[in-house]
Each structure stands twice: as structure tokens, then as C-alpha cells.
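Here are the chains, one letter per residue:
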Amino acid sequence: MAEERSRRVFLSTSAALSAAALSSTALSSTALSSTALAPTAGAEVPADAEKPGERLTPQRPGAELRAILREIDEHRIEATVRRLAAFGTRHTLSSQTDPARGIGAARDWILAEMTKSAERSGGRMTVQAQSYLQQPAPPRIPVATTITNVVATLRGSTTPERVYVVSGHYDSRCSDPLDATKDAPGADDDASGVAVALELARVLATRRPAATIVFAAVAGEEQGLFGARHMATLFKTAGTNVQAMFTNDIVGSSRADDGTRDPRTIRLFAEGVPTSETPAQADIRRAVGGENDSPSRQLARFVHSVAENEATGMTVRVIHRRDRYLRGGDHIPFLEQGFPAARFTEPHEDYAHQHQDVRVENGKQFGDLPEFCDFPFIARVARVNAATMWSLATAPDTPEDVRIRTNRLTNETDLVWRRGTDPGLAGYEVVWRETTAADWTHVVRVGDTTEAKVDLSKDNVFFGVRAVGKNGHRGPVAFPTPLS
């Protein structure tokens, strides 16, 4: 009895056998051994020696991902930003028929660029101009206006029903949000984000991700997130399994308004309490203390794990907010539909180069011009996005129906979940952290099973479950809900 209690992780016999059968490159069974967790008699005991599992470490980029990141081309990104700025204005209410100026010309150019990428995909990537007529929506849509998203879809090879979306918005504005004629080059906001989406489409078009990746350039953002809302609604109506959405909005500069630079950091805004939360879900969240464990927060932790490394050259600064004060981005309509979503934005902003008429005042240049962009920085942001999207699309699905048993009082924790159907699935890991920790700190490798017992009180720490692929890739964590 004493020997049994000394074990830090308890699993059923079948689970232990399943874990032993897994590929050693995907799941190590070391953490399942009680002897591996027991300190040697007389030895100095490390702080973690009595804690189940082992320290969680970031997922290192593999050879294929490193090759993808090397293909990101800052010169192509610069050319894209400059070309979009050269359309003069891309205001949503600007001309849709002028071949040289206005949002219609920009739309057609983006569609042509996406189509070029699709031609290299062997038929796996399709492109569409996703248009609809937006009825007047005062104050920023005073007349009925056609809004068009340009969407490229790279179909997954084994689990195409899983969808991951990356976007930027191609509309722009000047000081007056209703002025559709004055120059509004929109280099940083948001030709930079469109350049990221276009470059990812180009580089990934020839690859074969397991899941589907959507690359989008949306319109109507400056007038009220209209294009993204239309796209998110279409996905919801169709029952599309959107597992993650990332918008890149204002990712063009590393320079703050005071001149300081932070060229190796990108902010990632991720909400805590879900925008789409129901009253019943709110009751559960309050009961378990899940304010920091929304699906969007799990996505942010995933990005931090796979995209902050020497291959991207970037630090991902996760901000525990949906967005900045008085601002909003294209991830919000996806959050409204219940899809996990987050926003990439440069580390500091220079407001003289956002939403400003192009002019010189007291010797200072105003306006969102390409000369104020940092193109190597945008390329590194693109690498963060590429690492994120590729890692998501080549890992197994986020576990579903993850529950924590609460039908009796106990100092252990019982977790159960539904096994995924992904053919590349190898098994599962339980992760945990102290309630005061921002990110997961420990991992317990449990094998190809649908339940695990961990010798830690569910009252004292937070738990999660993530899937592991046969390729060794880990997916995002699912936070459990109570099962009485």
C-alpha cells in the first residue's frame, strides 16, 4: 500500500501497455515509471522530484518547418506592401472599377497574386473572391456597398475538415473614416498583414499539411469589421470546424512614437473570458477558476511554444486582452461565432502613421507610408505565423470532451476525454501548472488512452490534455470541465 501511494502518476494497465507501444520519437514512457520519479535514498531532492511528470519544454522546429521559414522572403513582402500602398487609397467606399486606384484595383491584384500561388499547388489550393452586398450601416457604411474578401484555401491531405485561418485586411483609411478619395496608403495598417498572408500562401502552396489552411485578405475592417464578420458567419453557417484564426493587423513596424525600437518582439492579443460565453459556461468558468484558460489563451500558449525560437528570431509577447483600448480587429467576429482567435500586432505603435492624412506639419511627416515600415521585421512576423500555422496543421486535433471527474472527494485527479479520429494520432499528454502560473509547466505522458489519474489535487493546480502525433507534433491544450 505504501509503495502504491509513492507513485506520482496512476494509469490503468491498458493505458500503460498502450504507452509502451507508442513510437519512442512521439511519446516517451519515462514519465509513467514510478521509479523514474522517486528520489534516490540519501540524495539531495530537486524541487521538482516529488511532482508528477517532467518539465514542459517548447516544441522545436523540424527540418520541414525550418525549410519553410527560410523561404519567407522579405523582399517579396516589401514589394507587396509598396504595391498595395501605390493604389493610392483602398478605402472600402473607394472605386471598385478604376484599374489603377481604389479598393477594386487592390482586390484584383491580390486575387491575381493568390491565384499565382494556387497554380503551384497541384490543385490543392483554390482561390475565390468572396463578395456580398453590405446594406447601409451608419455611420461608416452610408450606402449599400459591395465588400469582397479574397480567400485562398489549401486543402488538408488527411484531416481537411480541420480549418486554420490567417488573415490581414486590405482596406485602408485616412483621418476621416468616410473620406474615400484622399490618399490612404495604409502600408502598416494593414498592407503589412496582407503581405504576411500572401507570403504564407506562396510558401505553403507546395506543401501538404494534414489540415486545411485558409489565407485571407479581407475588406471592410476600418468601417466596422464587415468582411471578417461575413467570412466568420459563412464558416459558422456551413458548420466549418475552425480550430484557430489569427489576424495580422499593424505588423509593419518595430519603432515606437518616441523612436525606440523593439525589432524582435510581436504582441499576441488573446482574450480570457470568451466573447461567445453562455450563462451556463460562465457558471462553470467561475466555479473552476477558468478565466485564464479559454481556447484563445490555449492558442496563445501554443504559439509561444512553437514560434518563439531562433528559427523565427522572435519573442512572442502574449497580452491577456482581446485587443488594445478603443480598438478592435478581425479576430473579434470569429470570437463572436465561438471560434478560437487572436491578434498579432507590432510591439509599439506610432500613431502619426496610422489613420492619418498624408501631410507634413512642423517638419514632421504624417501618414501610413511604406518608408515607415520595417520589412525585415515583417518577414520575422511572417515566420512566427508560418511556424504557428504549420505546427497547427501538422499536429493532431485539439482533444474534445475533456472532463475532470468530480463525483467524489479525493486528493488525486481523474481526467477523461474522447479519442480523436486523426490517422496521425499517437496518444495524449496531461499538462499541469500552478494556478498562479501563466503557462503550462509540467507534462505527464499517458499514452494512447482516454483517461488518466494524476496524484495531484485538482483543487490546487490547473490541468489540460493535448494530443501527440506520430510525427511527434503536439497540438493545443484542451481545458477540462467538471464531470460529476
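Residues numbered from 1 in each chain as written. Predicted model: local features only at pLDDT ≥ 70, side-chain atom pairs only at ≥ 80, totals over all residues. Heavy atoms only, no water.

Novice: How should the overall build of the protein be read in this particular structure?
Specialist: Each helix and strand in the protein was counted, giving 12 helices and 19 strands. The buried share of the protein, reckoned over its 484 residues, is 57%. In the protein, the share of contacts with a sequence separation of at least 24, taken over all contacts with a separation of at least 6, comes to 77%. Accessible surface, the protein: about 19800 Å² in total, of which carbon and sulfur atoms supply 51%. (Helix = DSSP H or I, 4+ residues; strand = E, 2+ residues; numbered from the N terminus. Buried < 20%, exposed > 50% of the residue type's maximum accessible area, 1.4 Å probe, protein only. Contact = heavy atoms within 4.5 Å. Areas by Shrake-Rupley, 256 points an atom, 1.4 Å probe, with all protein chains shown as cover.)

Novice: It is not clear to me how the nonpolar core should be interpreted in this structure. Could you clarify?
Specialist: One broad trend across soluble globular proteins is that nonpolar side chains are buried collectively. By size, the foremost hydrophobic cluster in this structure holds 73 residues, and its most contacted members are Ile110, Leu200, Phe215, Phe246 and Ile266. In terms of residue count, the dominant contributor to this core is helix H12 (residues 375-394) (13 residues). With sequence-adjacent residues up to four places away left out, Ile110 is seen in contact with Leu84, Val150, Tyr170, Val194, Leu198 and Ala217. Core analysis: the second largest hydrophobic core is formed by 18 residues, Leu425, Ala452, Leu456 and Val461 among them. (Core = buried A, V, L, I, M, F, W, Y, C linked by side-chain atoms within 4.5 Å.)

Novice: Honestly, the pattern of salt bridges in this entry has me stumped. Any pointers?
Specialist: Opposite charge on two side chains permits pairing when their charged atoms draw close. For the structure on display, the rule yields 35 salt bridges. Here Lys116 makes a salt bridge to Glu113, at a shortest N to O gap of 3.0 Å. Here Lys116 pairs with Glu113, and both are found in helix H6 (residues 103-118), just 3 residues apart, close to one helical turn. Taking relative accessible area as the criterion, Lys116 reaches 47% and is therefore assigned partly exposed. Taking the relative accessible area as the measure of exposure, Glu113 reaches 23% and is therefore partly exposed. Between Arg229 and Glu336 there is a salt bridge, with its nearest N and O atoms 3.3 Å apart. Highlighted residues: Arg229 in helix H8 (residues 226-237) and Glu336 in helix H11 (residues 331-336), separated in sequence by 107 residues. You can call Glu336 partly exposed: its relative accessible area is 38%. (Salt bridge = Lys/Arg side-chain N within 4 Å of Asp/Glu carboxyl O.)

Novice: What am I meant to see in the packing of helix H5 (residues 74-85) against helix H7 (residues 187-204) here?
Specialist: Think of two packed helices as two axes; the pair is described by the angle between the axes and how far apart they sit. Direction vectors running N to C along H5 and H7 enclose 135°, while the axes themselves pass 9 Å from each other. Viewed along their axes, H5 and H7 adopt a mutual orientation that is oblique. Considering only the axes of H5 and H7, their crossing is right-handed. Facing Arg76, Ile77, Thr80, Val81 and Leu84 of H5, the residues of H7 in contact are Ala187, Ala191, Ser192, Val194, Ala195, Leu198, Glu199 and Arg202. (Axes fitted to C-alpha atoms, helices over the stretch in contact; angles between N-to-C directions. Parallel < 35°, antiparallel > 145°, perpendicular 65-115°, else oblique. Left-handed = near helix turned anticlockwise from the far one by under 90°.)

Novice: What is the right way to read the side chain of Arg474 from this model?
Specialist: Along the chain, the position of Arg474 falls in the loop between strand E18 (461-469) and strand E19 (481-483). A distance of 2.7 Å separates a polar side-chain atom of Arg474 from the backbone oxygen of Gly472. (Polar contact = N/O pair within 3.5 Å; in protein donor to acceptor, adjacent residues only side chain to side chain.)

Novice: Is there a simple way to explain the sheet that holds strand E16 (residues 442-447) in this structure?
Specialist: Sheet strands pair via backbone hydrogen bonds, and the direction of the pair is either parallel or antiparallel. Reading across the sheet, the 4 strands line up as E2-E16-E15-E18 and stay open at both edges, with antiparallel pairing between neighbours. Bordering the open sheet on either side are strand E2 (54-55) and E18, each of which pairs with just one other strand. Here E2 runs beside E16; their pairing, made up of 2 bridges, is antiparallel. Of the residues in E16, the one forming a bridge with Arg55 is His442. (Pairing = 2+ DSSP bridges.)

Novice: For this particular structure, what's the right way to read H7?
Specialist: What sets the pattern is the α-helix's 3.6 residues per turn: residues three or four places apart point alike. The end-to-end C-alpha distance of H7, which contains 18 residues, comes to 24 Å, matching closely the 26 Å that a straight helix rising 1.5 Å per residue would cover. Summarising burial for H7: 18 of the 18 residues are buried, a large majority. (Expected span 1.5 Å × (residues − 1).)

Novice: Would you explain the packing of helix H4 (residues 63-71) against H12 in this entry?
Specialist: H12 packs onto H4 with a crossing angle of 145° between their chain directions and a minimal axis gap of 10 Å. The interaxial crossing formed by H4 with H12 has right-handed handedness. Across the interface between the two elements, Glu64, Leu65, Ile68 and Leu69 from H4 touch Arg383, Ala386, Ala387, Trp390 and Ser391 from H12. Among the residues forming the contact of H4 with H12, the class breakdown is 6 nonpolar, 1 polar and 2 charged. (Nonpolar A, V, L, I, M, F, W, Y, C, P; charged D, E, K, R; others polar.)

Novice: In this structure, what is going on with the sheet that holds strand E7 (residues 241-248)? I would like to understand it.
Specialist: Spatial ordering of the open sheet is given by E3-E4-E6-E5-E7-E10-E8-E9, a layout of 8 strands whose pairing is mixed. The sheet is open, and its two edges are formed by strand E3 (125-134) and strand E9 (315-319), each paired on a single side. Put simply, the sheet's adjacent strands are angled 25° from each other on average, direction ignored. Pairing of strand E8 (residues 265-269) with E9, which is carried by 5 bridges, proceeds in the parallel orientation. Counted as the bridge partner of Arg267 is Arg317 from E9. Sheet strands touched by H6: E3, strand E4 (145-154) and strand E6 (211-218). Its angle to E3, the strand with the most contacts, is close to 155°.

Novice: Looking at this structure, how should I read unusual backbone geometry?
Specialist: If a residue is not glycine, its phi is most likely negative; likewise, a peptide bond is most likely trans. In this structure, Pro139 follows Pro138 across a cis peptide bond, with omega equal to 10°. Here Pro139 shows up in the loop between E3 and E4. The peptide bond linking Asp189 to Asp190 adopts the cis configuration, its omega dihedral lying at 5°. Of note, Asp190 is situated in helix H7. Even without being a glycine, Leu225 presents a positive backbone phi close to 65°. Along the chain, Leu225 falls in the loop between E6 and H8. Residue class for Leu225 comes out buried when judged on its relative accessible area of 11%. Even without being a glycine, Leu326 presents a positive backbone phi close to 65°. Here Leu326 shows up in the loop between E9 and H11.

No statement about biological role is implied by the geometric values presented.
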